[in-house]
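What follows is the residue order along each chain.
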Amino acid sequence: MFSYTPLFTLLVQKGMTKTQLREATGMSMNTLAKISKNEYVSMSTLDSICKYFHCKIEDIIEFIE
């Protein structure tokens, strides 16, 4: 299972809401809902988030067995 907890932690550190992230990266509300439920999203979505924050993928997602 993948968890987006690191992304949510990053948002708190940056003082940013999920809606602000959605608007900044151009993702849909449906994609944001999937992230909130720890569901799969496309690699292009993860790429957009990493580009926006200038971070590595492990800074926004983690694998949990």
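Right above here is the structure, for reference.
The following paragraphs examine the structure supplied in this document. What you are looking at is a predicted structure, and each value in this text was computed from that prediction instead of being measured. (Residues numbered from 1 in each chain as written. Predicted model: local features only at pLDDT ≥ 70, side-chain atom pairs only at ≥ 80, totals over all residues. Heavy atoms only, no water.)

Some thoughts on the overall build of the chain
Stage number 1. A tally of regular secondary structure across the chain gives 4 helices and 2 strands.
Stage number 2. Mapped from its N terminus to its C terminus, the chain presents α and β elements in the order β-α-α-α-α-β.
Stage number 3. Across the 65 residues of the chain, 34% fall into the buried class.
Stage number 4. Taking all contacts inside the chain whose residues are at least 6 apart in sequence as the whole, residues at least 24 apart take part in 58%.
Stage number 5. By element, 54% of the accessible surface of the chain is carried by carbon and sulfur atoms, the whole surface being about 4300 Å².
Stage number 6. Charge separation in the chain, taken as the distance between the mean sites of 7 positive and 7 negative side-chain charges, equals 7 Å. (Helix = DSSP H or I, 4+ residues; strand = E, 2+ residues; numbered from the N terminus. Buried < 20%, exposed > 50% of the residue type's maximum accessible area, 1.4 Å probe, protein only. Contact = heavy atoms within 4.5 Å. Areas by Shrake-Rupley, 256 points an atom, 1.4 Å probe, with all protein chains shown as cover. Lys, Arg positive; Asp, Glu negative; His and termini not counted. Charge placed at Lys NZ, Arg CZ, Asp CG, Glu CD.)

Quick look at the nonpolar core
For soluble globular proteins, nonpolar side chains are generally found buried alongside one another.
Stage number 1. Judged by nonpolar contacts, the single largest core of 17 residues is most densely connected at Tyr4, Leu7, Ile35, Ile49, Phe53 and Ile60.
Stage number 2. When residues of this core are traced back to their parent elements, those giving at least two are helix 1 (5–14), helix 3 (29–36) and helix 4 (43–53).
Stage number 3. The biggest single contributor to this core is helix 4, with 4 residues.
Stage number 4. Residue contacts for isoleucine 49: discarding those within four places in its chain leaves Leu7, Thr25, Met27, Ile35 and Ile60. (Core = buried A, V, L, I, M, F, W, Y, C linked by side-chain atoms within 4.5 Å.)

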